Amino acid sequence: MSGEGARLPRLESAGLDGWMVRLFERIEETNLAWITPLTRRCEAAFGDALVDLVPSYTTLLVVFDPLRLSPEEARRRLLALLGDLAPDEPTEGGEVRELPTWYDESVGPDLARVAEHTGLSVEAVIDCHAGTLYRVFALGFAPGFAFMGLLDERLEVPRLATPRQRVPVNSVAIAGRQTAAYPTVTPGGWNLLGRTSARLFDRDREGFSLLAVGDRVRFVPVDRTAFEAQGGDTTPMEAGR
Amino acid sequence: MKSVMKRAMDRVTNSETNKYTVIGFRVERAGPLAQLEDAGRFGVRRLGVTQGGPADLHGWAWANHLAGNPWGTAALEITFGGLTLVAERDLTLAVAGADLAATLDGQALPLWQRVQCREGQRLAFAMPANGLRAYLAVAGGFAAEPVLGSVACVVREGLGGFDGRGSKLAEGDRLAVGEPSSAGASLNAAPDEARIDYRAPARLPLLPGAQVGDFTGQSLFRAFNATWHVDDRADRMGVRLTGPRLQCRIGSLVSEGIGLGAVQVPPDGQPIALLNDRQTIGGYPRLGALTPLAASRLAQCLPGQEVRLAAVSSEGALAAYRRFCETFSG
């Protein structure tokens, strides 16, 4: 990136009722230390005019009520917040969550495609994915869907050209330098490697989500027998998908 | 006018202090999709929980207004038709939005106006004659227990609706209604200009977004000059448009928040306009965002219908949105 447009942080139009605050170009673990305090300060600065906040890896989407605040006034307030933003102290830890995962072609139909794209064997793809301790950067996309990183750069593959209309619950997936597990059935464009037996989303559990921002996560390979014993769903993806 | 969030909070407070509810309707035939929608679920998108709310804000707001309900009251969104309700008591109601060939005891039901319905009468929605989604509001509103601050029904997430678990209406359901406000409705019928002909080709105002410069010049020209067709892959999450293949120099972004009406373009070059039940975060580059009323208009289009995208400035779009909302602020 170069030129004026690349200076960060910057504000980008996100419609009549939103500004995208772009703080970073790249995913880094240290980004959270800046995005979290900005999220807090937006709540104070916008008050009743705030509709929603969507923090992510490198950005914060600020949604406001355009009946109370013009986009220009919202922009002015955000620029003031960014002017003297200071990062939170780095925190150690967060819980380590283990997600038992059955890596298999029948539930991870993109294993071979990822192997071909990366030049690794299927076994090496699995070892590489399971060998990394990930950090939860954001919850989003669907209830309890945790965006995790950083994926080993050897496993970096693009999203599917056309998203699947129906990704099964608990599918473990990768895209770019990110990894995740699907808590509910949704459309999705990520590459599926396997399936976890963990209960990722429970509407009766406080906070709904097993994973929270800041948690560390490890995918633990299990065989079919152990996966089934843990209540994992072995129903294969439909042929042709 | 109070903020959307504040209104949602007020609604929750009301439902806690005012426990008056009675059964208003019984579902005799459920049809493909009928669900409860208040203004939506706000302040929880950071948990990955979507916005929900009426896919067509215009039809929903008019139905409530004509029934004498304040902004944010829960109404029924009926997609496609096939729904038959039997009134369990005398009710004041209004239907706005799509014409789904609705009848009351076999007689054509007038739309966009207040109607009296007697106990035992059958209210039936057949199939789309004009538009896709009809809104049924009853005086006092439909009543249900809020989940995360809202009764908005999101089937995919299993949140909201009459049972709190995101279920669409099913045969045999009994639908609770609240106490009508003493003020009542001021208008009996919507003016002609509010009654949209959804069959006409739609012009959808769009605010260009940050990645607009990453599309090729030819793609941008096509995006705003071509006729797009509404694909049959369309639901409350989003509507795919088919037409010329748009090319963007960036294939994907780091996933980031997505607003209502965002028009994303996956590598296959066919845009997807994201609606109320969209995923909260995504990583495809975007042309920009439809205005809230443009997203509503698109939600009334049937597959195969023609639409055009029109780049607009935020000033004009904001003025139009404010005019729309002022109608309902009384």
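Residues numbered from 1 in each chain as written. Chains lettered and ligands numbered in written order. Predicted model: local features only at pLDDT ≥ 70, side-chain atom pairs only at ≥ 80, totals over all residues. Heavy atoms only, no water.

## Topic: empty space enclosed by the protein
A water-sized probe, rolled over the atoms, reveals where empty space remains. Stated formally: As defined here, a cavity is a set of points on a 1 Å grid over the protein atoms alone where a 1.4 Å probe fits but cannot get out. A pocket is an open set with protein on both sides within 12 Å along at least five of seven lines, and residues line them when an atom is within 4 Å of a point. Grid points are joined across faces, edges and corners, and a volume is the space filled by probe spheres set on the points. Numbering goes from the N terminus for both helices and strands, where a helix is a DSSP run of H or I of at least four residues and a strand is a run of E of at least two. In the scheme used here, Gly and all other residues not listed as nonpolar or charged are polar, with Ala, Val, Leu, Ile, Met, Phe, Trp, Tyr, Cys and Pro taken as nonpolar and Asp, Glu, Lys and Arg as charged.
Counted according to the given criterion, the structure contains two cavities of 30 Å³ or more. Here the largest cavity is characterised by a volume of approximately 370 Å³. What lines the largest cavity is a set of 30 residues, and nearest its centre among them are Asp17 of chain A together with Phe42, Gln51, Leu260 and Tyr321 of chain B. For the lining of the largest cavity, the elements supplying multiple residues, two or more each, are strand S4 (59–64) of chain A together with helix H4 (292–298) of chain B. Grouping the constituent residues of the lining of the largest cavity by class yields 19 nonpolar, seven polar and four charged. Reported here for the second largest cavity is a volume of approximately 150 Å³. Forming the walls of the second largest cavity are 19 residues, and the residues nearest its centre are Ser13, Ala14 and Gly15 of chain A together with Gly209 and Arg286 of chain B. Secondary-structure elements contributing two or more residues to the lining of the second largest cavity are strand S1 (10–13) of chain A together with strand S15 (256–257) and strand S19 (286–290) of chain B. Ranked by residues supplied to the lining of the second largest cavity, first place goes to S19 of chain B with three residues. Broken down by class, the residue content of the lining of the second largest cavity amounts to nine nonpolar, seven polar and three charged.

## Considering the sheet that holds strand S3 (residues 50–55) of chain A
Residues and elements named next belong to chain A. For clarity, the threshold we go by: Here, a strand pair is defined by DSSP locating no fewer than two bridges between the strands. Structural elements are reduced to axes, namely lines fitted to C-alpha atoms, with helices fitted over the stretch in contact, and the angle between N-to-C directions of any two is expressed from 0 to 180 degrees. Only heavy atoms matter for contacts: two residues are in contact if any of them lie within 4.5 Å across the pair.
Sheet architecture is open: four strands sit in the order S1-S2-S4-S3, paired in antiparallel fashion. Of all strands in the sheet, those bounded by a partner on one side alone are S1 and S3. Across this sheet, the average inter-strand angle for adjacent strands is 20 degrees, counted without regard to direction. Relative to S4, S3 runs antiparallel, the two sharing five bridges. Across the sheet, the residue bridging to Leu50 is Phe64, located in S4. Each of S1, strand S2 (18–22) and S4 touches helix H2 (residues 71–83); the most contacted strand, S2, lies at about 25 degrees to it.

## Quick word on the pairing of strand S13 (residues 216–221) of chain A
Residue and element names in this part refer to chain A. As paired elements, strand S5 (residues 96–103) and S13 share six bridges and run parallel to each other. Across the sheet, residue Pro100 finds its bridge partner in S13, namely Val220. Sheet topology note: the strand S6 (residues 134–139)/S13 ladder contains two bridges and is antiparallel. Counted as the bridge partner of Tyr134 is Val217 from S13.

## Comments concerning the pairing of strand S12 (residues 202–208) of chain B
Residues and elements named next belong to chain B. Inclusion rule: Buried means the residue's accessible area, taken with a 1.4 Å probe over protein chains only, is under 20% of the maximum for its type, while exposed means over 50%, and partly exposed covers the values in between.
In terms of burial, S12 is a largely internal element, five of the seven residues being buried. Of the pairings in the sheet, the one linking S12 to strand S20 (residues 306–311) comprises five bridges and is parallel in character. Paired with Ala202 across the two strands is Val307, which belongs to S20. Bridging between S12 and S19 involves three bridges; their strand directions are antiparallel. Within S19, the residue paired with Leu207 across the bridge is Ala289.

## Structural notes on the interface of chain A and chain B
Selection criterion: The term buried area refers to how much accessible surface (probe radius 1.4 Å) is lost by two components on association, counted for both of them together. Only one rule defines a salt bridge in this text: a Lys or Arg side-chain nitrogen within 4 Å of an Asp or Glu carboxyl oxygen.
At the junction of the two partners, chain A supplies 57 residues and chain B supplies 56 residues. Taking both partners together, chain A and chain B bury about 4,300 Å²; carbon and sulfur atoms supply 59% of that area. Applying the counting criterion to the chain A and chain B interface returns three salt bridges. The partner of Arg45 of chain B in a salt bridge is Asp52 of chain A, with the nearest N and O atoms 3.3 Å apart. Contributions of two or more residues to the side of chain A that touches chain B are made by S1, S2, helix H1 (32–46), S3, S4 and strand S11 (186–188) of chain A.

## Overview of the pattern of salt bridges
Going through the model one piece at a time under the given rule, you end up with 29 salt bridges over all chains. Measuring nitrogen to oxygen at the nearest pair gives 2.7 Å for the salt bridge that ties Arg22 of chain A to Glu12 of chain A. You can see Arg22 of chain A sitting in strand S2 and its partner Glu12 of chain A sitting in strand S1, a full ten residues away along the chain. A salt bridge links Glu43 of chain A to Arg46 of chain B; its shortest N-O distance comes to 2.8 Å. On the criterion of chain membership, the pair formed by Glu43 of chain A in helix H1 and Arg46 of chain B in the loop between strand S2 (33–37) and helix H2 (57–66) is interchain, its members lying in two chains.

## As for the domain arrangement of chain A
Residues and elements named next belong to chain A. The line we're drawing: Start and end positions for the domains come from either an automated domain assignment or a database one. For this analysis, a polar contact is any N or O atom pair within 3.5 Å, provided that within protein one partner can donate a hydrogen and the other can accept it, and provided that sequence-adjacent residues contribute only side-chain to side-chain pairs.
By domain assignment, chain A separates into domain 1 (10–83) and domain 2 (96–229). Using C-alpha coordinates to define each centre, domain 1 is positioned 29 Å away from domain 2. Domain 1 puts seven residues into the contact, and the matching count from domain 2 is nine residues. Carbon and sulfur atoms make up 67% of the area that domain 1 and domain 2 hide from each other, which totals about 790 Å². For Arg135, the salt bridge is made with Glu29, and the minimal N-O distance between the two is 3.1 Å. Between the two partners, domain 1 and domain 2, sit three residue pairs in polar contact (both at pLDDT 80 or more). Split into classes, the residues belonging to the side of domain 1 that touches domain 2 amount to four nonpolar, one polar and two charged.

## A word on the nonpolar core
Cut-off, in case you're wondering: Buried Ala, Val, Leu, Ile, Met, Phe, Trp, Tyr and Cys residues form a nonpolar core when they are joined through side-chain atoms within 4.5 Å.
Counting 112 residues, the largest nonpolar core has Phe25, Phe125, Leu136 and Leu298 of chain B as its most contacted members. Counting contributing residues per domain, this core is built from domain 1 (10–83) and domain 2 (96–229) of chain A, each supplying no fewer than three.

## With respect to the sheet that holds strand S10 (residues 130–138) of chain B
Residue and element names in this part refer to chain B. Taken in spatial order, the five strands of this open sheet run S2-S3-S10-S5-S8, and their pairing is antiparallel. In the strand order of this sheet, the two ends are held by S2 and strand S8 (114–117), each with one partner. Taking the axes of each pair of neighbouring strands and ignoring which way they run, one obtains an average angle of 30 degrees across the sheet. When strand S5 (residues 91–99) meets S10, the two strands line up antiparallel, connected through six bridges. When the bridges of S10 are listed, Leu93 appears paired with Val138.

## Structural notes on the packing of aromatic side chains
The geometry of two aromatic rings is summed up by the distance between their centres and the angle between their planes. As a reminder, the rule being used: Aromatic rings from Phe, Tyr and Trp, taking only the six-membered ring of Trp, are treated as a pair when their centres fall within 6.5 Å; an angle between ring planes under 30 degrees marks them as stacked, one over 60 as edge-to-face, and anything in between as tilted.
Enumeration over the complete set of coordinates arrives at 14 aromatic pairs over all chains. An angle of 70 degrees between the planes, with centres 5.7 Å apart, marks the rings of Tyr134 of chain A and Phe219 of chain A as edge-to-face. With Tyr134 of chain A in strand S6 and Phe219 of chain A in strand S13, this residue pair connects regions lying 85 residues apart in the sequence. Like Tyr134 of chain A, the residue Phe219 of chain A is buried in the burial classification. On the basis of an interplanar angle of 90 degrees and a centroid distance of 5.4 Å, the ring pair of Trp60 of chain B and Trp71 of chain B is categorised as edge-to-face. Of the two residues, Trp60 of chain B is situated in helix H2 and Trp71 of chain B in the loop between H2 and strand S3 (75–79); the sequence distance between them amounts to eleven residues. On the basis of relative accessible area, Trp60 of chain B is assigned to the buried category, the value being 0%. The rings of Tyr57, Phe137, Phe145, Phe147, Tyr182 and Trp190 of chain A are connected pair by pair, giving a single aromatic cluster.

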